[in-house]
Amino acid sequence: MVVTLEVQFDSLAQLYRAYMPFVRHGGLFFVSSHEYQLGDVVEARYRLPESSEWLQFTGKVVWINPLGSQGGRPPGVGLAFGDEQNPHKPRIEQLLADQLGSNQLTSTM
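The text that follows walks through the structure, step by step, so that each part is easy to find. Just so it is clear, the structure is predicted and the values come from calculations on it, not from any experiment.

Here we come to the layout of surface pockets. Here the largest pocket is characterised by a volume of approximately 360 Å³. In this structure, the largest pocket is lined by 16 residues; those nearest its centre are Arg 17, Ala 18, Phe 29, Val 31 and Pro 74. Elements supplying a minimum of two residues to the lining of the largest pocket: β1 (4-8), α1 (12-18), β2 (27-31) and β4 (54-65). Counted by class, the lining of the largest pocket contains 11 nonpolar, 2 polar and 3 charged residues.

Looking now at the environment of Thr 4. Looking at where Thr 4 falls in the secondary structure, it is placed in strand β1. Given a relative accessible area of 41%, Thr 4 falls into the partly exposed group. Sequence-wise, Thr 4 and Thr 58 are 54 residues apart; in three dimensions their C-alpha atoms are separated by 9.4 Å. Residues within four places of Thr 4 in sequence aside, it is in contact with Glu 43, Ala 44 and Arg 45.

With that settled, the discussion passes to unusual backbone geometry. Unlike most non-glycine residues, Glu 50 shows phi in positive territory, near 60°. Inspection of the secondary structure assignment puts Glu 50 in the loop between β3 (41-47) and β4. A relative accessible area of 86% means that Glu 50 is categorised as exposed.

In spatial order, the strands read β1-β3-β4-β5-β2; together these 5 strands make up an open sheet with mixed pairing. Both outer strands of the open sheet, β1 and β2, are each paired with one neighbouring strand and no more. For this sheet the average axis-to-axis angle between neighbouring strands, irrespective of direction, equals 40°. By the bridge criterion, 5 bridges tie β4 to strand β5 (residues 76-80) in an arrangement that is antiparallel. Bridge assignment links Lys 60 to a residue of β5, and that residue is Ala 80.

So, about the nonpolar core. Grouped together as the largest cluster of nonpolar side chains are 22 residues, with contacts concentrated most on Leu 28, Tyr 46, Leu 79 and Ile 92. Secondary-structure elements contributing two or more residues to this core are β1, α1, β2, β3, β4, β5 and α2 (88-100).

Attention now goes to the pattern of salt bridges. In total, this model carries 2 salt bridges according to the counting rule given. Put simply, Glu 6 and Arg 45 hold a salt bridge, and the shortest N to O gap is 2.6 Å. In this pair, Glu 6 sits in strand β1 while Arg 45 sits in strand β3, placing the two residues 39 residues apart along the sequence. Relative accessible area serves as the criterion here: at 46%, Glu 6 is assigned to the partly exposed category.

We now examine a nonpolar patch on the surface. On the surface, a cluster of nonpolar side chains totalling about 310 Å² of accessible area is made up of Phe 22, Val 62 and Trp 63. Looking at the secondary structure, you find Val 62 in strand β4.

The rules behind these values
Residues numbered from 1 in each chain as written. Predicted model: local features only at pLDDT ≥ 70, side-chain atom pairs only at ≥ 80, totals over all residues. Heavy atoms only, no water. 1 Å grid on protein atoms, 1.4 Å probe; cavity = no way out; pocket = protein on both sides within 12 Å on 5 of 7 lines; lining within 4 Å. Points joined across faces, edges and corners; volume = space filled by probe spheres on them. Helix = DSSP H or I, 4+ residues; strand = E, 2+ residues; numbered from the N terminus. Nonpolar A, V, L, I, M, F, W, Y, C, P; charged D, E, K, R; others polar. Buried < 20%, exposed > 50% of the residue type's maximum accessible area, 1.4 Å probe, protein only. Contact = heavy atoms within 4.5 Å. Pairing = 2+ DSSP bridges. Axes fitted to C-alpha atoms, helices over the stretch in contact; angles between N-to-C directions. Core = buried A, V, L, I, M, F, W, Y, C linked by side-chain atoms within 4.5 Å. Salt bridge = Lys/Arg side-chain N within 4 Å of Asp/Glu carboxyl O. Patch = residues over 30% accessible without salt bridge, like charges linked within 9 Å, V, L, I, M, F, W, Y side chains within 5 Å. Areas by Shrake-Rupley, 256 points an atom, 1.4 Å probe, with all protein chains shown as cover.

What follows is the structure, given as structure tokens:
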């Protein structure tokens, strides 16, 4: 059975919290109760705020928040985007950069 992780970002603040800039080619965190191992390859899709287009990628699990994590963190996994040619990292970073100058993003966090 192939499990596809999916998230629809309703706000830039939500996208900001899920984006993983510290991962080499970028990545996203997906809330999930399914158990994964580091290195697992997972199909995923997401939708950016104010967009009707679903963007898909196959990512490698590079971060795990297990069920019952400290600090009230949601269970789930961080998936790394494939390589430096991926369109996801520049698209997300541009979207977030456009908003960082305004208070729109930081005031909702």
